[in-house]
Structures are given as structure tokens and as C-alpha cells.
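Breakdown of the fold
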Amino acid sequence: MTKATNGATLNLNNTSTNNNAGSTLAAKSGGTVNIAGTFTADAASTLDGAGGTFNVNGATLLGTLNGTAGTTLVFNASSGNIINSATINGNLDLATNANAYADLNGTVTENGNINLGTNSFRLVNLGTILNIGSAGSLTGFGQVYQYQNNTLNNGGLINANSSANPLVLAVTTFNNNGMTKATNGATLNLNNTSTNNNAGSTLAAKSGGTVNIAGT
């Protein structure tokens, strides 16, 4: 068990931090854990952020990050924030900090909520894939865009639900296998090269929402 508690701060400024099988990294009772460098999580390890804060400050995240209920990774403005072939069982917050940023490489699966705010996910390397799992969601506004020939698979929920700014999806291939919608007077811009509304999926504009479709 490694943790920050009682309003204290733990800075993980290591070149490499490994949350190994059976271990827990925790931010509790107002504690803050700041993660930098390369952070690798074993599938049998745990992140416990209920009542505390995990900040991603120029970190590369790898492996399987298993968050307990309420665990959120809060990204800062560092261009060094990378999610590399990881599965995230927890929430990702790019809305709290101005100019928060994350690059995605390899195959990344998100099974919690992604809140981009006015910020963005960039799918970087050739063939990078972002999977939103059946328990995952992307809500609010901001953008998911690509560097080259990348794919977004939605198996859960994408909901543009903020009328303040649009949610923009701009990748080579967007596969909607779940629910994708614009609600609450918000706008969803599908600026993908190819958008596939696959069997069993729903694309919706509800409660004053607008969906703008470009590409194929």
C-alpha cells in the first residue's frame, strides 16, 4: 500500500513506477498523488482515489488501471501525458485544468467516463484505437482527433450534452456500436472520414440536440 492521506501530497517523480500485482496506490481523505514518468499498472493492482485526487503530470500510463468507485485521473496541460496500450477502469478528467492534454497510442480501452471539457484526446501513431467499453462513456464537449489513420469504437455511450461548445469526433473510422447522441441543446460534429452506425446501435439528436454528419 502506497498512499497520500490527511490532505497530504505524494509526488511520484520516478522514471518508472510499477503498481504490481496485489498492490494499491491510494489518494484518501483529501490526499493527492501526482504521477510523472512511466506508470505501469498490473491487472491485479488497484488505484483507490475515493476522497482524494490523482493528477497526471507528464506521465505515460501503461497496463490495466483498476480504479475503485469514484477514482478519477485528472490530467494537466503537459504535452508529455500519454496513454499507451492501456485499459482504464476509472474516470478520466481533462476538464478541470486549462489546456489539459493526452496523447493515445496503441489500443486504449476506457471503461469509465471521459470528460474532455474544452480539451482533447489525440490519437497519435498509425493504427491507434480508442475503445469505449460497454461500461464506458464520453460526455460533455471537446474533441477526439487523430494524427493518422486511427479508429474510435463506441461500445457504450457518447453524449454531447453541453450547449456551451460542440463535441467533435474527427478520426478516420468511427464505429458506433452503442449509443451516440446530442442532447440538452448541444452539438455533436461527426467529422470522421467514415462513420459506421452498426447493428444494434443508435445515433440520436434529442432535447434540442444537433448532430452534424460529414464524411461517409
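Preceding this section is the structure that the text describes.
Structural notes, computed from the coordinates. (Residues numbered from 1 in each chain as written. Predicted model: local features only at pLDDT ≥ 70, side-chain atom pairs only at ≥ 80, totals over all residues. Heavy atoms only, no water.)

What follows is about the pattern of salt bridges. Taken as a whole and assessed by the stated rule, the structure comprises two salt bridges. Two residues, Arg122 and Asp103, come together in a salt bridge whose shortest N-O distance is 3.0 Å. Of this pair, Arg122 sits in strand S14 (residues 120-123) while Asp103 sits in strand S11 (residues 101-105), and the two are 19 residues apart along the sequence. Residue classification places Arg122 among the partly exposed residues on the basis of a relative accessible area of 23%. (Salt bridge = Lys/Arg side-chain N within 4 Å of Asp/Glu carboxyl O. Helix = DSSP H or I, 4+ residues; strand = E, 2+ residues; numbered from the N terminus. Buried < 20%, exposed > 50% of the residue type's maximum accessible area, 1.4 Å probe, protein only.)

Take the nonpolar core next. With 44 residues, the main nonpolar core has Phe75, Ile83 and Phe121 as its most contacted residues. Per-element tally for this core: the top contributor is strand S7 (residues 53-66), with five residues. Here Phe121 is in contact with Ile83, Leu92, Leu94, Ala102, Leu104, Ile114, Leu116, Leu130, Gln143, Val144 and Tyr145, once residues within four sequence places are set aside. (Core = buried A, V, L, I, M, F, W, Y, C linked by side-chain atoms within 4.5 Å. Contact = heavy atoms within 4.5 Å.)

Both trends apply: most residues other than glycine have a negative phi, and most peptide bonds are in trans. Non-glycine residue Asn6 carries a positive phi angle of around 60°. Assignment of secondary structure puts Asn6 in the loop between strand S1 (2-4) and strand S2 (9-12). Residue Asn6 is classed as exposed on the basis of its relative accessible area, which comes to 70%. At Asn149, a position not held by glycine, the phi torsion is positive, near 45°. Structurally, Asn149 is set in the loop between strand S17 (142-146) and strand S18 (151-154).

On to the environment of Asn125. Structurally, Asn125 can be placed in the loop between S14 and strand S15 (129-132). Taking the C-alpha atoms as reference points, Asn125 and Leu104, separated by 21 residues in sequence, lie 8.0 Å from one another. Residues contacting Asn125, with those up to four places away along its chain left out, are Leu104, Asn105, Gln148 and Asn150. Within the structure, the side chain of Asn125 is placed 3.4 Å from the side chain of Asn105, a separation counted as a polar contact. (Polar contact = N/O pair within 3.5 Å; in protein donor to acceptor, adjacent residues only side chain to side chain.)

Turning our eyes to something else, we now look at the environment of Asn19. Inspection of the secondary structure puts Asn19 in strand S3 (residues 16-19). Take Asn19: its relative accessible area is 7%, and that puts it in the buried class. Put simply, Asn19 and Ile35 are 16 residues apart on the chain and 12 Å apart in space, counted from C-alpha to C-alpha. Here Asn19 is in contact with Thr24, Leu25, Phe39, Thr40, Ala41, Asp42, Ser45, Thr46 and Leu47, once residues within four sequence places are set aside. For Asn19, the side chain forms a polar contact with the side chain of Ser23, separated by 3.1 Å. Within the structure, the side chain of Asn19 is placed 3.2 Å from the backbone oxygen of Thr46, a separation counted as a polar contact.

One open sheet holds the three strands; their spatial order is S1-S4-S6, and the pairing between them is parallel. Each edge of the open sheet carries a strand with a single partner, namely S1 and strand S6 (46-48). Direction aside, the axes of adjacent strands within the sheet are offset by 5° on average. Sheet topology note: the strand S4 (residues 24-27)/S6 ladder contains three bridges and is parallel. Bridging from a neighbouring strand, Ala26 pairs with Asp48 of S6. (Pairing = 2+ DSSP bridges. Axes fitted to C-alpha atoms, helices over the stretch in contact; angles between N-to-C directions.)

Next up on the list: the side chain of Thr139. Tracing the backbone through its elements, the reader meets Thr139 in strand S16 (residues 137-139). Taking the relative accessible area as the measure of exposure, Thr139 reaches 16% and is therefore buried. Here the side chain of Thr139 touches Asn113 through a polar contact of 3.1 Å, side chain to side chain.

Here we come to the side chain of Asn192. Within the secondary structure, Asn192 is located in the loop between strand S23 (187-190) and strand S24 (194-197). With relative accessibility at 2%, the residue Asn192 sits in the buried group. Ignoring any residue separated from it by four or fewer positions in sequence, one finds Asn192 in contact with Leu169, Ala170, Val171, Thr172, Phe174, Ala214, Gly215 and Thr216.

Side chains Thr151 and Asn153 of S18 all project onto a buried face; the interleaved residues Leu152 and Asn154 project onto the opposite face, where all are buried too. By the bridge criterion, four bridges tie S15 to S18 in an arrangement that is parallel. Counted as the bridge partner of Leu130 is Leu152 from S18. Bridging between S18 and strand S21 (residues 173-176) involves four bridges; their strand directions are parallel. When the bridges of S21 are listed, Asn154 appears paired with Asn176.

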